[in-house]
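Below are the chains, spelled out letter by letter.
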Amino acid sequence: MKPVTRIQSRTAVLADENIDTDRIIPARFLTTTTREGLGRVCFNDWRYRSDGSDDPAFPLNAPEARGCEILVAGRNFGCGSSREHAPWALLDYGVRAVLSSEIADIFRNNALKNGLLAIVVGAAEHRWLLDHPGVELAIDVCGQTITRPGADPIHFELEPFARHCLLEGVDQLGFLLHHTDAIREFESRVEEAA
Amino acid sequence: MNAPRTLFDKIWDTHVVVAETADTPAILYIDLQLVHEVTSPQAFDVLRAQGLKVRRPGRTLATLDHSIPTMPAAADGERPYATPAAKAQVAQLEANCREFGVELHSWDSAERGIVHVIGPELGVTQPGTTIVCGDSHTSTHGAFGALAFGIGTTEVGHVLATQCLLQRKPKTLAIHVDGELPAGVGAKDLILHVIGRIGVNGGTGHVIEYRGAAIEALSMEARMTVCNMSIEAGARAGLIAPDDTTFAWLQGRPRVPRGAAWDVAVANWRELKTDAGARYDREVHIDARDVKPTVTYGTHPGMAIALDAPVPAAHDAIEQRALDYMQAAAGKPMQGTPVDVVFVGSCTNGRLPDLREAAHVLRGRRVAKNVRMLVVPGSEAVRRDAEAEGLHEVFRAAGAEWRMPGCSMCIAMNGDMAQPGQLVVSTSNRNFEGRQGKGARTVLASPATAAASAVAGVIADPRVYLAEEQAA
C-alpha cells in the first residue's frame, strides 16, 4: 500500500443514510477475479439511466462534483455485504476519502486496508459538511484533523495501527508474517492441549 | 477468583496469539476459514505473488454458492451460468483450491451448498471456535457459540497465509428475549422485530449475544436465522450459548469428535456461557410475546413492522424516498400489498425446517396466478432431505419452481432476479434498493409468510392458513 498522509480536495455529498455496499457496487459485478477497473460500475444502478447514459439525478454526476476526491455521505455508510469490491470501486472511481457520522465496521476496515480514508466525524461537523457541498477540505492523517474554510478544524479518531499503516504504507500481511513464531507457538500449545 | 466473563470474552481470550496494545490490534487465531468463489480470487493472487502457501489447508473449506446457476446442467453437461465471467470465476476457485491444497465442495460434491449451511451440516462449525469468511453472513455460525464474522478479501488473504487476523476487541451487546413466541411466529419474525427495535446500525462495533427463554427454546436452524441477521443490525457477530439443543444437533455430524473425545468436547462446551455477574457494554430487553409476523416496508432491514401494523410516516426526505421506492403508503399495513415474486431460500432461511414451514402452508394449495415462486434449498443435503420427505412435490404441485442449491435470488448475481418494479416477498436477509435486481422491491419475511403471500397473491398473514387447518 502506498502511504496516505494528506488529501486535499473539494467535497461531493451523497446525503442518503445507510448507503449499503450493494448500492456502491451491485452484486452482479462481483464476478471479477481482479481488483481493477471497478470505478466504471461504482454506484452503477444509481448513476446511469437504463440507456447507459449518466443520470443527472445522481449527485456525483453534477459537473461540480467531478474530480472531487472527498465524499461526504449520510449516516451508516457502507452497511451490508462485506465485499471489498466497494472500496476498490470507490478508489477506482476517484474517491480517496469518505466522511460520515457513522461508517459500518466491515466497510471501514476494508477501506483503510486499501488506503481509502474512512473517517467518522461528530454529528455537528457532519451536519456542517452535508450543508456545505463542494467545500475545499484538507485531511491530515498524521494530525488527525480536517481543515475547512471559515470554521474550526475537525478532529477525528483513527485507530492507531490503521493510522500508522496509512502513514508508512505498511503491508499488514507483512506485519502478521513477522509474528510467525508466535503463531507457531500458539498452534503447538493448543494442539498439545487437545 | 477470576473476574466473571461473557461468552464472547471466553472465546476471544482463548484465541489471542498476541495481545492488543495501544498501538497494535490483537493477533487473533482463526480456527476455520470458509471460502467461496466471489471474495477469494484476489486473496489467492496475493499469496501467489508473494510466494506464500495456505498456512493450514485443513482449517480452510471452500464451496460454490454465490454466483452459480440453480438450474440443472444441460444434457451436454454445460451449466447455465449467467455470464462467462461467472463461469470463469468458478473455474478460478477450482484452480486455486487445487494449487493451494484446499478442500473444495464443487459440483461433484454431495455436500456442496451455501457456505453458512454446509459448515454446520458437516460439523466443522463448533462451539468455542473462531470462524471467518469473506461474507458478512458468517455471523450465522454464532448460533453454535462460535465467534464468527465476515471479513474483506484482504483479510481472507491474511487468514489464508497466517491463520490469523488483526483485530481490536469489539464491544458486547446482550439482547435478552424473554417470554415465549406466540403461535405462528418464528425466528425470522423475531430477528426482524429486533432489528426494527435497535436499528440497522444498532449493533455497530458490537458482538451481540442473544439470550433468554425465547432464544433457548429455538431449534438450531431457528438460532441460525437469528444470528445470520446480526450483521443487518450492523453487528460484527451474533452469539448464542451452546446447550443440549446444540450438542444434540451436532452429535454424529461428519467432522465432530466421536466416542470419548465427544464427551470431552461437550464437557468443555458446557463452560461456554456468560458467567453470572459478567458485564456487557449494552443490554436490550425484548418481550417475545410482542412479536407478530413481521415484514420490512422500506429499503433496509431496520424498516420492519408487524405485517398488520400501519407503515410509519416518513420522518425525513430519506425515509420518504425509501417509501416511494417501495411504493409503500404511510398509514396502511403491508398486508394486502400485491406480490409478483416469492423467494424461499438463502443462508437465512434455506434449511430443512424453513422449507417444511413453507410447504406446510402450500400443501393442497396453489401459488396465485401471476405470482412466480422459487424455492431454493440451502445445500445438497437440504435438497436430498427435502426430496426424501416429498417437499419438492408439494412445491411443484403448488406451482413453485424447485431449484438446485445456491444463494440465488438473495444476492441475484446468478441470473435469478426480479424485474424492475416487481415486488418480491423474500426469506433472505437484505431489502436494499436493487438487491434482487435493478428496481426490484424486496419485502423480507419468514418462510410461512412468504408461502402465505404466494398463495394469496398479496402479502398475507400465515396464521390465517394455520387457523384454517385447525378448523378443518
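Residues numbered from 1 in each chain as written. Chains lettered and ligands numbered in written order. Predicted model: local features only at pLDDT ≥ 70, side-chain atom pairs only at ≥ 80, totals over all residues. Heavy atoms only, no water.

Draft legend 1. Main features of the overall build of chain A. A tally of helices and strands in chain A yields 8 helices and 7 strands. With the principal axes as the frame, chain A shows a C-alpha extent of 65 × 45 × 25 Å. Put simply, 64% of the contacts in chain A that link residues at least 6 apart link residues at least 24 apart. Carbon and sulfur atoms make up 49% of the accessible area of chain A, which amounts to about 8,000 Å² in all. In chain A, 20 side chains carry a positive charge and 29 a negative one; their mean positions are 4 Å apart. (Helix = DSSP H or I, 4+ residues; strand = E, 2+ residues; numbered from the N terminus. Contact = heavy atoms within 4.5 Å. Areas by Shrake-Rupley, 256 points an atom, 1.4 Å probe, with all protein chains shown as cover. Lys, Arg positive; Asp, Glu negative; His and termini not counted. Charge placed at Lys NZ, Arg CZ, Asp CG, Glu CD.)

Draft legend 2. A look at the overall build of chain B. Secondary structure summary: chain B contains 17 helices and 19 strands in total. When its C-alpha atoms are laid out on the principal axes, chain B stretches across 60 × 60 × 50 Å. Taking as baseline every contact in chain B between residues at least 6 positions apart, the subset at least 24 positions apart corresponds to 74%. For chain B, the exposed area adds up to about 15,900 Å²; of that, 51% sits on carbon and sulfur atoms. Positive and negative side-chain charges in chain B, numbering 46 and 52 respectively, have mean positions lying 2 Å apart.

Draft legend 3. Just the sheet that holds strand β3 (residues 97-100) of chain A, in detail. Residue and element names in this part refer to chain A. Read from one edge of the open sheet, 7 strands run β4-β3-β2-β1-β5-β6-β7, paired in mixed fashion. Looking at the sheet topology across the chains shown, the edges are occupied by β4 (117-120) and β7 (154-155). One ladder, built from 3 bridges, connects strand β5 (residues 136-140) with strand β6 (residues 145-147); its direction is antiparallel. Each residue of the ladder has a partner; that of Ile139, found in β6, is Ile146. (Pairing = 2+ DSSP bridges.)

Draft legend 4. Fine view of helix α10 (residues 259-269) of chain B. All names here are of chain B. By the burial criterion, the buried members of α10 are Trp262, Ala265, Val266 and Trp269. In an axial view of α10, the angular spread of the buried residues amounts to 100 degrees, which keeps them on one side of the axis. Exposed residues on α10 whose side chains face more than 90 degrees from its buried face are Ala260 and Asp263. Here the buried face of α10 lies against α9 (244-250). (Buried < 20%, exposed > 50% of the residue type's maximum accessible area, 1.4 Å probe, protein only. Arc of directions from axis to C-beta.)

Draft legend 5. Looking closely at the side chain of B:Asp189. Residues and elements named next belong to chain B. With respect to the element layout, Asp189 can be found in helix α6 (residues 187-198). Arg463 provides the closest opposite charge to the buried, salt-bridge-free Asp189, at an N-O distance of 8.0 Å. Among the polar contacts made by the side chain of Asp189, one reaches the main-chain amide nitrogen of Gly186 at a distance of 2.9 Å. The residues touching Asp189, leaving out its near neighbours within four places in the chain, are Gly184, Val291, Lys292, Pro293, Thr294, Ser446 and Thr449. (Salt bridge = Lys/Arg side-chain N within 4 Å of Asp/Glu carboxyl O. Polar contact = N/O pair within 3.5 Å; in protein donor to acceptor, adjacent residues only side chain to side chain.)

Draft legend 6. Inspection of the interface of chain B and chain A at higher detail. The interface is formed by 65 residues belonging to chain B together with 55 residues belonging to chain A. Summed over both partners, the interface of chain B with chain A comes to about 4,700 Å²; 58% of that surface belongs to carbon and sulfur atoms. In this assembly, chain B and chain A are joined by 9 salt bridges. The shortest N-O distance in the salt bridge between A:Glu159 and B:Arg168 comes to 2.5 Å. For the pair chain B and chain A, the interface holds 24 residue pairs in polar contact (both at pLDDT 80 or more). Those elements that place two or more of their residues in the side of chain B that touches chain A are β1 (16-18), β2 (26-29), α2 (41-50), α3 (84-100), α5 (153-162), β8 (164-167) and α11 (317-326) of chain B. If you tally residues by element for the side of chain B that touches chain A, the top one is α5(B), at 6 residues. Class assignment for the residues of the side of chain B that touches chain A results in 24 nonpolar, 26 polar and 15 charged. (Buried area = accessible area lost by both parts, 1.4 Å probe. Nonpolar A, V, L, I, M, F, W, Y, C, P; charged D, E, K, R; others polar.)

Draft legend 7. The environment of B:Ala460, seen in detail. Residues and elements named next belong to chain B. Summarising the element assignment, Ala460 is placed in the loop between α16 (447-456) and α17 (462-471). Overall, Ala460 belongs to the buried group, its relative accessible area being 8%. Taking the C-alpha atoms as reference points, Ala460 and Thr204, separated by 256 residues in sequence, lie 32 Å from one another. Not counting residues within four places of it along the chain, the set of residues in contact with Ala460 comprises Leu307, Thr449, Ala452, Ser453 and Tyr465.

Draft legend 8. Layout of the packing of aromatic side chains. Following the criterion strictly, the structure yields 14 aromatic pairs over all chains and no others. Plain terms: the ring middles of B:Phe8 and B:Trp12 are 5.8 Å apart, the flat faces sit at 40 degrees to each other, and that makes the pair tilted. Of this pair, B:Phe8 and B:Trp12 both sit in helix α1 (residues 7-13), 4 residues apart, which is roughly one turn of that helix. This pair shows no difference in class: B:Phe8 is buried, exactly as B:Trp12 is. Members of the aromatic cluster, connected to one another through ring pairs, are A:Phe43, A:Trp46, A:Phe58 and A:Tyr93. The aromatic ring of A:Trp46 is capped on one face by A:Arg23, whose charged end is 3.7 Å from the ring centroid. (Phe/Tyr/Trp six-rings, centres within 6.5 Å; stacked < 30°, edge-to-face > 60°. Lys NZ or Arg CZ within 6 Å of the ring centre and 35° of its normal.)

Draft legend 9. Looking closely at the sheet that holds strand β6 (residues 130-133) of chain B. Residue and element names in this part refer to chain B. In space, the 5 strands of this open sheet follow the order β5-β4-β3-β6-β7, with parallel pairing throughout. Either end of the sheet is taken by a strand with one partner, and the two such strands are β5 (103-105) and β7 (147-150). Sheet twist, expressed as the average angle between the axes of neighbouring strands with direction ignored, equals 20 degrees. When β6 meets β7, the two strands line up parallel, connected through 4 bridges. Across the sheet, Thr130 pairs through a bridge with Leu147, a residue of β7. (Axes fitted to C-alpha atoms, helices over the stretch in contact; angles between N-to-C directions.)

Draft legend 10. Structural view of the nonpolar core. Membership of the largest hydrophobic core comes to 84 residues, with the highest contact counts inside it found for A:Phe43, A:Leu90 and B:Phe395. In this view, B:Phe395 contacts B:Leu355, B:Ala358, B:Ala359, B:Leu362, B:Val375, B:Ala400 and B:Trp402; residues no more than four positions away in its chain are not counted. By size, the runner-up hydrophobic cluster in this structure holds 82 residues, among which are B:Phe44, B:Ile195, B:Ala222 and B:Leu239. (Core = buried A, V, L, I, M, F, W, Y, C linked by side-chain atoms within 4.5 Å.)

Draft legend 11. Layout of the pattern of salt bridges. Residues and elements named next belong to chain A. One pass over the full model with this rule turns up 43 salt bridges over all chains. For Asp16, the salt bridge is made with Arg23, and the minimal N-O distance between the two is 3.1 Å. For the pair Asp16 and Arg23, one class covers both residues: buried.

Draft legend 12. Summary view of the pairing of strand β18 (residues 423-426) of chain B. All names here are of chain B. Every second residue of β18 is oriented toward a common face, with Leu423 and Val425 on one face and Val424 and Ser426 on the other, all of them buried. Two elements, strand β15 (residues 341-344) and β18, share 3 bridges in a ladder whose sense is parallel. Residue pairing for β18: Phe343 is matched across the bridge by Ser426. Sheet topology note: the β18/strand β19 (residues 441-444) ladder contains 4 bridges and is parallel.

Draft legend 13. Summary view of the side chain of B:His137. Residue and element names in this part refer to chain B. With respect to the helices, strands and loops of the structure, His137 is situated in the loop between β6 and β7. By relative accessible area, which is 3% here, His137 ends up buried. Among the polar contacts made by the side chain of His137, one reaches the side chain of Asn429 at a distance of 3.5 Å. In contact with His137, not counting residues within four places along its chain, are His116, Asn228, Ile231, Glu232, Cys347, Asn429 and Arg430.

Draft legend 14. Focus on unusual backbone geometry. In this structure, A:Asn18 takes a positive phi of about 55 degrees despite not being glycine. For A:Asn18, the position within the fold is in the loop between β1 (6-14) and α1 (21-24).

Purely geometric stuff here, so don't read any function into it on its own.
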